[in-house]
Structures are given as structure tokens and as C-alpha cells.
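# Understanding the architecture of this molecule
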Amino acid sequence: MALGRLSARAVASSAGALVLAWCGATWAQVPVEDAGVGRPAEQNDDADGGGLATLFYQLQTLQEEVRRLQGLVEEQNHRIERMEREQRERYIDVDQRLLGLRGGAAADAGNAPGVEGTPDAAQLAATPAAATEADAYDRAFQIIQDARGLVPSERSAEYERAIAGFAALIADYPDGAFAPNAFYWTGELQLSNNELELARQAFVQVVTLYPDHPKTPDALYKLGVTYHRLEDAARALEYLRRVIDEFPNHTAAGLATKYAADLR
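Residues numbered from 1 in each chain as written. Predicted model: local features only at pLDDT ≥ 70, side-chain atom pairs only at ≥ 80, totals over all residues. Heavy atoms only, no water.

What follows concerns helix H7 (residues 216-229). An ideal rise of 1.5 Å per residue puts 20 Å on 14 residues; H7 measures up with 20 Å between its terminal C-alpha atoms. Extensive coverage of H7 is indicated by the burial of 14 of its 14 residues. Downstream of H7 by a residue or two, Glu231 has a phi angle that is positive, lying close to 65°. (Helix = DSSP H or I, 4+ residues; strand = E, 2+ residues; numbered from the N terminus. Expected span 1.5 Å × (residues − 1). Buried < 20%, exposed > 50% of the residue type's maximum accessible area, 1.4 Å probe, protein only.)

If you want it as C-alpha cells, here you go:
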């Protein structure tokens, strides 16, 4: 069973307590004899010395095991952090390309002539609101991109700015085309900032309100990650299995399979 995001300090503390308890029990079992009764004092001294040497060796062995467990915990945490970082960067690149495609399509549509060489009236009426929503999303998303090279403390502050931008977009355009993406990225950023309950709520919005949206498999997977970090392994596995069962050909299903294997 994988260690997950366990604290190395917690492992060391628990193992240390185990060592002390074991040592206490071992000392309690060592017989106390009078060196002058039954055998020479020299023989008693030799026996005591041998017992102490054995105890010291066993203590060293336990300390080595503690260090080994600490190494496993650190390695597991590093793997999880790297996987989340790579996934987040991949989603950023994908969303950036999608924004570019939408921008190009909008430009082509704006240049296309309508009846008698003039733009369609319905298209003109819809263009300002759509452009405003797209601009709002693009501004919030650009903050994420610009924050990628910052140190963690500065990046966290920029993520909060992006979250505020997405929240404003959702409030202004609750039924807009970018609302599902805004909810998803809000969850991603809150998860990165360790705001676990807020992240859970954001991902639930994607899964509940937009079950057919392309971001839904990713949101299900992230709910599994979030519940794991909330120390609810049963709910984590539930959402990971949903990704695997409902979206077996999606990239998120492969990530969910690996993550679920680490939880078992």
C-alpha cells in the first residue's frame, strides 16, 4: 500500500515512539541478578555486556528502518507533486491552444460577409457579449501562465488573483461557454494553494453542472486527488473509479489508474 502524502516527520515520530516502547519492554524483560549470588561477578558483567550489544544493534536496525521509511515518503510525495505539476502544465498548454483557435475562428467570422456584403444582424448582436466573456477568461488564464516561473509564495498570490478573475467571470456569465473551464481552473488553483475544501467544491460544480463537458473527466480525477489529500481514501477511490469506468479512453483515466494503484 502506498504511503501517499504522509508526513516524513510523522513517520519518524511514530517510529521513534515505537522504538522507545520496544526498548522499555526489552529492558523490563532483562533479569536482575545479584553478581555475588550463583555465579562470579565477571560472568554477570559479560552477560550484561552481550545483552547491551544486542540491544544496541537492534536499535540501530530500527533507526535504519525509520530512515528508509522517510525516504519512501519523500519519494512518494515528490512523485505526486511532479505528476500534478506536469498535468497542470499540460492543461495550460491545451487551453492556450483552444483560446488561440477560438480567437482565429472569431476573427474569420467577423470578416465573413452576410447578406448583401454586410454582417448578419444576429451575429453582430451576440459578438460583444461573447468577446467580453472570452476576454475575461483570457485575462484570468493569462495570470496563470505568467505565474509559472515565479517562486511558490509569489505564484500562490498570483493564483489568488486568477481565482478572483474566474469568480467574476462566473458571476457575470453564469451560463457562458467559459463557465465550466472557469470552475475547473478555480479548483486547480485552489488545490495547488492547498485550499482543499474550496477545490473540492469547484470540481463538484464541473461534475454536477456540466456532466458532458470535456473538463468533466479531469474534474472527476481531481476530486479523487482532493479527497485523498482530505484523508478520505474511500471517496478518493470512488471518484478515481468513475473516471476509469465512465471515460476509459480519456487521458484522465490513465492518471486515475496510476493514482488508484498507489492508494491500494
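This brings us to the packing of aromatic side chains. Applying the stated rule across the entire model yields nine aromatic pairs. Centre to centre, the rings of Tyr184 and Phe203 are 5.7 Å apart; their planes meet at 55°, and the pair counts as tilted. With Tyr184 in helix H5 (residues 179-192) and Phe203 in helix H6 (residues 196-209), the pair connects residues that are 19 residues apart, well separated along the chain. Comparing Tyr184 with Phe203, the two get one shared label, buried. (Phe/Tyr/Trp six-rings, centres within 6.5 Å; stacked < 30°, edge-to-face > 60°.)

Turning our attention to the side chain of Thr216. Counting through the fold element by element, Thr216 comes out in helix H7. The residues touching Thr216, leaving out its near neighbours within four places in the chain, are Val206, Val207, Tyr210, Pro211 and Phe247. (Contact = heavy atoms within 4.5 Å.)

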